[in-house]
Each structure stands twice: as C-alpha cells, then as structure tokens.
Protein chains: 2
Amino acid sequence: MNKHNFSAGPSILSEYTIKNSAAAVIDFEGTGLSILEVSHRGKEFVAVCDEARARIKKLLDVPAGYEVVFLGGGASLQFCMVPFNLLNRKASYLDTGTWASNAIKEAKLFGEVDVVASSKDANYTFIPKNYRVGEDSDYFHFTSNNTIYGTEMRYDPDCGNGVRLVCDMSSDIFSRPVDVSKYDIIYAGAQKNLAPAGVTLAIVREGSLGHVERAIPTMLDYRTHIKKESMFNTPPVFPIFAALQTLKWYKELGGLEAIEKMNLEKAAILYDEIDRNRLFRGTVATEDRSIMNVCFVMNDEYKDMEADFGAFASAAGMVGIKGHRSVGGFRASLYNAMPKSSVEALISTMKTFEKQH
Amino acid sequence: MNKHNFSAGPSILSEYTIKNSAAAVIDFEGTGLSILEVSHRGKEFVAVCDEARARIKKLLDVPAGYEVVFLGGGASLQFCMVPFNLLNRKASYLDTGTWASNAIKEAKLFGEVDVVASSKDANYTFIPKNYRVGEDSDYFHFTSNNTIYGTEMRYDPDCGNGVRLVCDMSSDIFSRPVDVSKYDIIYAGAQKNLAPAGVTLAIVREGSLGHVERAIPTMLDYRTHIKKESMFNTPPVFPIFAALQTLKWYKELGGLEAIEKMNLEKAAILYDEIDRNRLFRGTVATEDRSIMNVCFVMNDEYKDMEADFGAFASAAGMVGIKGHRSVGGFRASLYNAMPKSSVEALISTMKTFEKQH
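Parameters at a glance
- Numbering of residues starts from 1 in every chain and runs along the sequence as written.
- Chains carry letters from A onward and ligands carry numbers from 1 onward, assigned in written order.
- The predicted origin of the model limits local features to residues at a pLDDT of at least 70 and limits the giving and counting of side-chain atom pairs to 80 or more, whereas totals for whole chains, interfaces and linings rest on all residues.
- As a convention, hydrogens and water are excluded, and side-chain values are obtained from all of the structure's heavy atoms.
- The helix and strand labels rest on DSSP assignments: H or I over at least four residues marks a helix, E over at least two residues marks a strand, and numbering proceeds from the N terminus.
- C-alpha atoms define the radius of gyration in this analysis, and the globule rule sets the expected value at 2.2 Å times the number of residues to the power 0.38.
- Under the scheme applied here, a residue whose accessible area is under 20% of the maximum for its type counts as buried, over 50% as exposed, and between as partly exposed, the area being computed with a 1.4 Å probe on protein chains only.
- Contact between two residues is taken to exist if any of their heavy atoms lie within 4.5 Å; hydrogens are not considered.
- Neither His nor the chain ends is counted toward charge; the positive residues are Lys and Arg and the negative residues Asp and Glu.
- Salt bridge, as used here: a side-chain nitrogen of Lys or Arg that lies within 4 Å of a carboxyl oxygen of Asp or Glu.
- Within 3.5 Å is the distance limit for a polar contact, defined as a pair of N or O atoms, with the added protein rule that one can donate a hydrogen and the other accept it, and that residues adjacent in sequence qualify only through two side-chain atoms.
- Buried surface area refers to the total accessible area, computed with a probe of radius 1.4 Å, that the two partners give up upon joining, counted for both partners together.
- The aromatic pairing rule takes the rings of Phe, Tyr and Trp, using the six-membered ring of Trp, and pairs them if the centres are within 6.5 Å, calling planes under 30 degrees apart stacked, those over 60 edge-to-face and the rest tilted.
- Each nonpolar core is a collection of buried residues, namely Ala, Val, Leu, Ile, Met, Phe, Trp, Tyr and Cys, held together in the definition by side-chain atoms within 4.5 Å.
- For two strands to be treated as a pair, DSSP must find no fewer than two bridges joining them.
- Every axis corresponds to a line fitted to the C-alpha atoms, with the helix fit spanning only the stretch in contact, and the corresponding angles, defined between N-to-C directions, vary from 0 to 180 degrees.
- Each copy is superposed on the other by least squares, with the fit set by C-alpha atoms of residues at a pLDDT of at least 70 in both.
- Domain borders in the structure are assigned automatically or taken from a domain database.
- What sets the label is the angle itself: under 35 degrees gives roughly parallel, over 145 gives roughly antiparallel, 65 to 115 gives roughly perpendicular, and the rest give oblique.
- By definition, any crossing whose near helix is turned counterclockwise from its far helix by less than a right angle is left-handed, and any crossing with a clockwise turn is right-handed.
- Residue classes follow a fixed rule: Ala, Val, Leu, Ile, Met, Phe, Trp, Tyr, Cys and Pro count as nonpolar, while Asp, Glu, Lys and Arg count as charged, and any other residue, Gly among them, counts as polar.

**Overview of the overall build of chain A**
- Along the backbone of chain A there are 9 helices and 14 strands.
- The C-alpha radius of gyration of chain A comes to 21 Å, within 12% of the 21 Å expected for a compact globule of 357 residues.
- Taken over the C-alpha atoms alone, chain A extends approximately 60 × 55 × 30 Å along its principal axes.
- Every one of the 357 residues in chain A was classed for burial, and the buried ones make up 63%.
- When contacts within chain A are restricted to residue pairs at least 6 apart in sequence, those whose partners lie at least 24 apart make up 68%.

In structure tokens:
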C-alpha cells in the first residue's frame, strides 16, 4: 500500500533526496566507497559541503556579511548557543509554544529575558500581536512555525527600532522567501524541510558576533565554525550530503516562490476540508494557521470517534497524523516534499469517514 | 579496482553496516518508509535506539549505575560538556596530542587544570609515564588513542588514589575490553569504530553528576539525555541505526576479546613490515604504538620518494594513507572493520615498492 507520510519530523523527504542518498551509501560519486566511510576532508565531500552552503545562500538570497554553517546537536543546542554568542544584557523573546519556551529557559541563564508576549494561557492557539520589543534588546527571538500547535508567522517581523531578529525556523525554513537582512541568526534543525536528523543549519550575520564579554566554549562559538567553513571538527557528513540533494531539488522546483505557492495550495485544500467537514474543526486562530503543520480535532459531538478515525486513516495509508499530546486530535504535516496527491488522499479519507458516520 | 580504505575517520565500516543501512534508506523495517523520514518517536526507531544502547552496555560490560547516551555535536563538544558537568575546582589532564590539548583548552574555562604530563616537546611521539594525578582532582582526563600521532594507551590507567577517569575513546572504542568501572565518563565520536559521522556516544556514571554548582544549559547536561533515554530532542536517527548494525556485527565477530585479537594481528604484521622494510620507519615509541592508526615515514635517505610511494599505493587501491600534516609521511588506520586482507595488500605494496627502488 502507498504510504502518505504526514510525520511532524523527522519527516517526508523528496524521492530525489532518498534515491540519491541510498545510491551514495553504496558508492559515493564513483569513489568506490560509501558516503558513510569517506573522509570529510576528501575533495569530494568538501565540494558537497561547499556546494550545499552556496546553494542555501542562493536559495534564500542571503546578503553579504552572512555565513552559513552546518552544526550538530539539533536546534535545541541553538537555544543556548544563541545567547552564549549574542546576549550581553537583555534579549526579547516571543513565547508561542513549547520550543519558544525552551529557548527562553536557556536564555535566562545568560542575562535578562523580556518575554514580550505569550499565548500560553490559550494553549498557544494564536500568535500574539501588538507586542513591543524594547530598543535596548540585543535581539528579538521568535519561532516562525510552532510544529506542535500549528501556528506560523509567515513574515519577518519588524521591531521598528533597529533591533535585529533571531529565529528558530526549524519547521518552516525553505517554505517561503525570507528577508535575511532583518536577522542576526536564523537556525533550523534539518529534519523537516532539508535532510534527515543530525545536522542543524545556522545563517549568521558575522557583525553580530564578538560583542559579548563571556568566554564561549570553542564548539559553541559560531566564529569557530564560520572560520573553518563547517569543518572545525567532523561534520555530520551524510545528512549534509542529503541536504545538498534536497537543495538541488528545490532549484528544480523553481525556488522558494514556487515552493511557497505549492505549500499554500496544499494547506488551503486541507483547511477547506476541515472547515467544511462536520466532523472536524481546526484548533488555532484562522489568521495564524500554519501551512506546514495542520492541527485539527473532532468536533465535540464526535469526540468519541477520534480513535476510529485514526485507525481508518491509518488503514488508508496515512502515517504520523496523531496530534501531539499537548493538543490532541490530529496533525498533518505538509512539508515541502509532501505531494498534493497525499493531501488529497487524506481529504478523501476525511470525506469517506464523514459519509460513513 | 578494489579499494582499501585506510582513512583516519570517517573511516571504513563493515559491509554488514553499509548494506543494512543502504537497505533501510529505501525501506526501514517494512514500514514502507525510508529510515531518513521516520519519526524518532515511532515504535520502530525507539526499539532501534534502545537496542543499540543495550548492546553497548553488554559489549563493554557496563556496570550498574552507568548510562549510555547518544549525543550530537561530535567529541569536540564533549571537551566542554565534561567540565561543565564534572569540574568543580580542579581536574587533571594528560596531554598526548592535538585532541587532548583541545580538551585541556576547554576545561580551563571551567576551573583549574593540572596538566600532569605532556609529550608535546617530542611532537607527541610517546605517551608520558610516571605522572601523578593529585587526589584533589575531580577527575583525570586522557585520550586513549591519538589518531594523528599514532600512539595509544591500551589500558585503563589507575590513579592509585580513587580519582576516576574520563576518557576520549573516539578512535579506539570497541577495539578492546575496557574496565568501565574505573571511569566517570567515556565518550567517543562514532565515526571510527561505530557509525557514520553525526553521533557521539557517552557512557556516564550517574553518581558523578549533580555535584557542580554552576548552571548547566539543558542540552549540555548529561542528566537531560539520560533521563529521556537519548530522546530529549530529535537524535541523529540514521547514524544510530547504522551504529546498531555495527554492534550486531561485533556480536557475530565474538565480542571485544575476539576483536582485540584480530586488531593485534593486523597491527603486528604492518609494524613488522615497517620495521623490516629498508625504506620506512615508524614514528612513535615502540611500546606506545597504536593498533588503530599506524604512522610511518620514509627513512631519511629515501625521503624524496614520499610522493612516489603515495602515488604508487594509491594506484594499487590504497585510500587515505597520507599522514596528518603534523606528522607527515603515511598513516594507515586499521579500525575494527578493516580486513586483514587490506593490510596485507598494503604490505605487499610496500614490499613491491622496496624491490623497485
């Protein structure tokens, strides 16, 4: 049976990425060796790493003065690495969910943290607006897409006073164009829109570094990795190879404008069905709906059918649509590699289930 | 042509590991999905991660009170993570090479560091002996195998005063049995004897944690990862899957005693040839020779043939035998997965080259 992979992350990757990665595990670019056993300093892999960084710069139109680095440890390590490098006295954070809140917790170890707004009391069902970022902030940190709750900020906020942005884009990077010049740091775990788990991407404005007085452990200092072009120590070779395949595929798709258009279409048809179908309802404020993670629950009068729909969808090939325990219900993650046909298959399942009940 | 992969790391993995990893990139255990796109919280991968940790405990005979965790960031991140968690006032370090020296640099950010001995002045060509570890040390840190210089401590040192050990075993873990009970922490980047690059293994004595007063960022606190069984955040899924394959293969080989025996044999025949062949000589003190990384140079009178031998060996299928720039000459890494037949092929190349000159 054809599987439709709606997992929240690690999540669906393109066939192009998977096919080329599998081939490289057997023979990496004609070297006669597996990509799993080649030196990261060999010319073949250095070329892969350089090309991946260059393609990210091109795809996101990264301006001069910024560098792209590949790191280990996941986005969660960035929660402490960002304040280690940037937080002198005070930083502002927007609390839009579990990961935002985890980032806030780490920042507090390094200085004053102004949580400018939070939607925690409403179980993070909306993105707070009308907050003010003080001009004495070293940076303003936000999470562009909240994987667990299904809300998204599909824009680059403007603090209005020159304070630059730091963003955790783990679950929506490469889903739309971004104005990188507004940011000091953009970081993202790769395991949604880029590569298998094990590599984290950071885009860093070099001018933002070197202004804190604390000693920074070498591996946690972005300058270490920028200077050595992500080769200070052994980088996660295979995930970087896979990332390059995804980046090539994005070029073929027509770049981020084209990808955003596809993402908007996929999300629109699913949200339309949720709004139409008498069994289901969305869980978040309409204007803040994520186009990456679509969260929905059974309407109250059908609440006892939740397990039934889960089993029915699973039998129809839907994978990973169980909602996070913080929200319940269902979550369909529609990352870049998710084909529209899979979204249509899910919609069809919802329609059939509605007819049967 | 058959390639013989002598790379220092990332390095040769068993055919078993590579074959099974390639298959899982196409279909992970009959799920119909690639291992690259499955949730780390799915039951199939949780089972993989648990089994890998359990097999490590069994293989190394890890006593009660210790836990095994998989981390990101490489062994270099452990250089700061160890003192973050263990260094209260003073720690002792043995300086046996580049990585030991990098570990010392990071520890100095956290407290007093007593470098009990160093062979730096001799370009790290031997392992210092007769040093004394003060009983006021929180721990004694050493690097069991020095990949760059080709020296190795194939024993668990005894400080004689109850001070426990911390060891970077990145390049010789699983090459021999170890008495884990002497250690507070053993850590190892996976990319030599375990898996492709991207995951780091730590074996931690739980009783050693929680005795420092400093605040530890969540991701740098071993307790975070122990408590969540390496699932606090998304772990490097694919490298952990590959690690499990290697661990299964080690069981088939007969465990660490059997593996050590094979390693000793492989190293012995190569060192014998280096000692016999009039063109070459080893670079380190005989008693400290590593069985993982065999470093050798041309004898002085044949020094100008170095590039020629490199090209000759390369034409015969030898990969990755160029020595590190700190030593020059050649380095043949004989990790667990290296078949004796490849070592014999290298020896044959050395003999042929000798006859021709």
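**Some thoughts on the side chain of Lys266(B)**
Residues and elements named next belong to chain B.
- Residue position: Lys266 is located in helix H7 (residues 255–276).
- One buried charged residue, Lys266, remains without a salt bridge, the closest side chain of opposite sign being Glu265 at 9.0 Å.
- Polar contacts involving the side chain of Lys266 include one to the main-chain carbonyl oxygen of Met338, which spans 2.8 Å.
- If sequence neighbours within four positions are ignored, Lys266 has contacts with Leu334, Tyr335, Asn336, Met338, Pro339, Lys340 and Val343.

**Side note on the interface of chain B and chain A**
- Between chain B and chain A, the residue contacts involve 50 residues of the former and 50 residues of the latter.
- Here chain B meets chain A over a buried area of about 3800 Å², counting both sides, of which 68% is carbon and sulfur.
- It is Pro10(B), Leu36(B) and Glu37(B) that lose the most area in chain B upon contact with chain A, and together they represent 16% of the buried surface on that side.
- Across the chain B-chain A interface, the total number found is 0 salt bridges.
- Across the chain B-chain A interface, the total number found is 14 residue pairs in polar contact (both at pLDDT 80 or more).

**Side note on the packing of aromatic side chains**
- Applying the stated rule across the entire model yields 33 aromatic pairs over all chains.
- Centroid distance Phe309(A) to Phe353(A): 5.2 Å. Interplanar angle 70°. Geometry classified as edge-to-face. Here Phe309(A), found in helix H8 (residues 306–315), pairs with Phe353(A), found in helix H9 (residues 340–356); they are 44 residues apart in sequence, far enough to count as distant. You'll find Phe309(A) and Phe353(A) in the same group, each marked buried.
- Aromatic pair Trp249(B) and Tyr250(B): ring centres 5.8 Å apart, planes at 40°, arrangement tilted. Side by side, Trp249(B) and Tyr250(B) carry an identical accessibility label, which is buried.
- By way of ring pairs, the aromatic residues Phe280(A), Phe296(A), Phe309(A), Phe312(A), Phe330(A) and Phe353(A) are connected into one cluster.

**Things to note about the nonpolar core**
- Counting residues in hydrophobic clusters, the biggest one holds 186 residues, and the most contacted among them are Ile35(A), Phe174(A), Ile35(B) and Phe174(B).
- Those residues in contact with Phe174(A) that sit more than four places away from it in its chain are Ile56(A), Leu59(A), Leu60(A), Asn193(A), Leu194(A), Leu201(A), Leu247(A), Tyr250(A), Leu256(A), Ile259(A) and Asn336(A).
- Judged by nonpolar contacts, the second largest core, of 62 residues, contains Ala75(A), Val166(A), Leu86(B) and Met219(B).

**Looking at the sheet that holds strand S2 (residues 66–71) of chain A**
Residues and elements named next belong to chain A.
- As summarised here, the arrangement of the 7 strands in space is S2-S10-S9-S8-S5-S3-S4, forming an open sheet in which the pairing is mixed. Whereas interior strands pair on both sides, the edge strands pair on one side only; in this sheet they are S2 and strand S4 (112–118). Strand after strand, the sheet turns through a mean of 15° between neighbouring axes, direction not considered.
- In this sheet, strand S8 (residues 165–168) lies alongside strand S5 (residues 140–143) in parallel orientation, the contact comprising 4 bridges. Within S8, the residue paired with Thr143 across the bridge is Asp168.

**Examining the relation of the copies chain B and chain A**
- When chain B is fitted to chain A, the best match, at an RMSD of 0.0 Å, comes from turning it 180° and sliding it 0.0 Å along the axis. The transformation relating the two chain copies, once decomposed into turn and shift, fits a two-fold axis.
- Looking at chain B, 100% of its interface residues are interface residues in chain A too, so the copies touch through the same face.

**Brief notes about the sheet that holds strand S10 (residues 200–205) of chain B**
Residue and element names in this part refer to chain B.
- In space, the 7 strands of this open sheet follow the order S2-S10-S9-S8-S5-S3-S4, with mixed pairing throughout. Edge positions in the sheet fall to strand S2 (66–71) and strand S4 (112–118), since each has one partner strand and no second. Direction aside, the axes of adjacent strands within the sheet are offset by 15° on average.
- The pairing of strand S8 (residues 165–168) with strand S9 (residues 183–189) spans 4 bridges and is classified as parallel. Directly across from Asp168, in S9, lies its bridge partner Tyr187.
- Helix H2 (residues 43–59) contacts S2 and S10 of the sheet and is inclined by roughly 130° relative to S2.
- Contacts between helix H4 (residues 98–107) and the sheet are confined to strand S3 (90–95), S4, strand S5 (140–143) and S8, with S3 contributing the most and set at about 160° to the helix.

**Quick look at unusual backbone geometry**
- The amide bond that connects Gly9(A) to the next residue, Pro10(A), takes the cis arrangement and shows omega of -5°.
- Positioned with a positive phi, Ser230(A) is a non-glycine residue whose angle comes to about 65°.

**Comments concerning the domain arrangement of chain A**
Residue and element names in this part refer to chain A.
- One can read the domain layout of chain A as domain 1 (15–253) and domain 2 (255–356).
- In this structure, domain 1 and domain 2 have C-alpha centres spaced 27 Å apart.
- Taken together, the 28 residues of domain 1 in the interface contact 28 residues of domain 2.
- Summing the contributions of domain 1 and of domain 2, the shared interface buries around 2300 Å²; its carbon and sulfur component is 55%.
- It is Ile148, Arg154 and Leu253 in domain 1 that bury the most area against domain 2; as a group they hold 22% of the surface buried on that side.
- Taken together, the links from domain 1 to domain 2 amount to 3 salt bridges.
- Among the salt bridges present, the one from Glu260 reaches Arg154, with a minimum N-O distance of 3.6 Å.
- The interface formed by domain 1 and domain 2 includes 15 residue pairs in polar contact (both at pLDDT 80 or more).

**Focus on the pattern of salt bridges**
- The full count for this structure, using the stated rule, is 48 salt bridges over all chains.
- When the shortest N-O distance is used, the salt bridge between Arg289(A) and Asp275(A) registers 2.9 Å. Within this pair, whereas Arg289(A) is found in the loop between strand S11 (280–282) and strand S12 (293–298), its partner Asp275(A) is found in helix H7 (residues 255–276), the two being separated by 14 residues in sequence.
- The shortest N-O distance in the salt bridge between Arg53(B) and Asp50(B) comes to 3.2 Å. Note that Arg53(B) and Asp50(B) are positioned in helix H2 at a spacing of 3 residues, about one turn of the helix.
- Look at Asp50(B) and you get partly exposed, because its relative accessible area is 32%.
- Each of Asp50(A), Arg53(A), Lys57(A), Glu67(A) and Glu229(A) takes part in a single network of salt bridges with overlapping partners.

**Regarding the environment of Arg289(B)**
All names here are of chain B.
- Owing to a relative accessible area of 14%, Arg289 belongs among the buried residues under this scheme.
- Excluding residues within four positions of it along the chain, Arg289 makes contact with Gly150, Glu152, Tyr271, Asp275, Gly282 and Val284.
- Reaching out from Arg289, the side chain makes a polar contact with the side chain of Asp275 at a distance of 2.9 Å.

**Brief notes about the packing of helix H8 (residues 306–315) of chain B against helix H9 (residues 340–356) of chain B**
All names here are of chain B.
- It is the contact of H8 with H9, at a shortest axis distance of 10 Å, that shows an interaxial angle of 130°. Taken as axis vectors, H8 and H9 run oblique relative to one another. Helix-helix and strand crossings are classified by hand; for H8 and H9 the assignment is right-handed. In this structure, H8 contributes Asp308, Phe309, Phe312 and Ala313 to the contact, and H9 contributes Thr349, Met350, Thr352, Phe353 and Gln356.
- For the contact of H8 with H9, a count of residues per class yields 5 nonpolar, 3 polar and 1 charged.

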